[in-house]
Amino acid sequence: MTWLRLHKASEEFAKAAHQSIKYGHWARAKQLFALAASQERQALELIATDKPRTFGVTAVSATALNYKAELLDAAEAILKQALEDRRLPDFARSQLKDL
C-alpha cells in the first residue's frame, strides 16, 4: 500500500464516522475512527524522510483519530514517537502538544 491509498482510506473511514455521529450512532463512529486511525498510522510509517510537512500533518491526524476512537494509549504512543522525530515541523509539534 502507498501513503496516498492509506491516507485516502483513513479519510473515508473518518467521513463515515462523522456521518455516524450525525445520526447518533456513537459506537459505530468509534469503530470507524479506529479504522481510520489504523490506516493513518500505517500511512505515517511510509512517509519518506524528505517529507517533513506530510509527516507532521499525518502524525497530527493519526493522533487525533486515535483520540476520537478513545484509543488513548495508541494516541499517546504516536504523540511520543512524533515528538521525538527530527522531521516533525514546528506547526505539527504545537498542534500535537495542544491535543
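Let us look at the structure shown here. Just so it is clear, the structure is predicted and the values come from calculations on it, not from any experiment. (Residues numbered from 1 in each chain as written. Predicted model: local features only at pLDDT ≥ 70, side-chain atom pairs only at ≥ 80, totals over all residues. Heavy atoms only, no water.)

**Quick notes on the packing of helix α2 (residues 26–45) against helix α3 (residues 52–68)**
Operational definition: To obtain each axis, a line is fitted to C-alpha atoms, and for helices this fit is confined to the stretch in contact; angles are then taken between N-to-C directions over 0 to 180 degrees. The helix count covers DSSP runs of H or I at least four residues long, the strand count covers runs of E at least two residues long, and both are numbered beginning at the N terminus. An angle below 35 degrees is treated as roughly parallel, one above 145 as roughly antiparallel, one from 65 to 115 as roughly perpendicular, and anything else as oblique. When the near helix sits turned anticlockwise from the far one by under a right angle, the crossing is termed left-handed; a clockwise turn instead gives a right-handed crossing. Contacts are residue-level and defined by heavy atoms, with any inter-residue pair within 4.5 Å sufficient. Residues were grouped as follows: Ala, Val, Leu, Ile, Met, Phe, Trp, Tyr, Cys and Pro as nonpolar; Asp, Glu, Lys and Arg as charged; and all remaining residues, including Gly, as polar.
Interhelical geometry of α2 versus α3 gives an angle of 155 degrees and a closest axis separation of 8 Å. Viewed along their axes, α2 and α3 adopt a mutual orientation that is roughly antiparallel. Taken as a pair, α2 and α3 cross one another with a handedness that is left-handed. Every residue of α3 that contacts α2 at Phe33, Ala36, Ala37, Glu40, Arg41, Ala43 and Leu44 is listed here: Phe55, Thr58, Ala59, Ser61, Ala62, Leu65, Asn66 and Lys68. Here the residues of the contact of α2 with α3 sort into 9 nonpolar, 3 polar and 3 charged.

**A closer look at unusual backbone geometry**
Peptide bonds are trans in most cases, and residues, glycine excluded, mostly fall at negative phi. The phi dihedral of glutamate 70 is positive, around 65 degrees, even though this residue is not glycine. The residue glutamate 70 is located in the loop between α3 and α4 (72–84) in this model.

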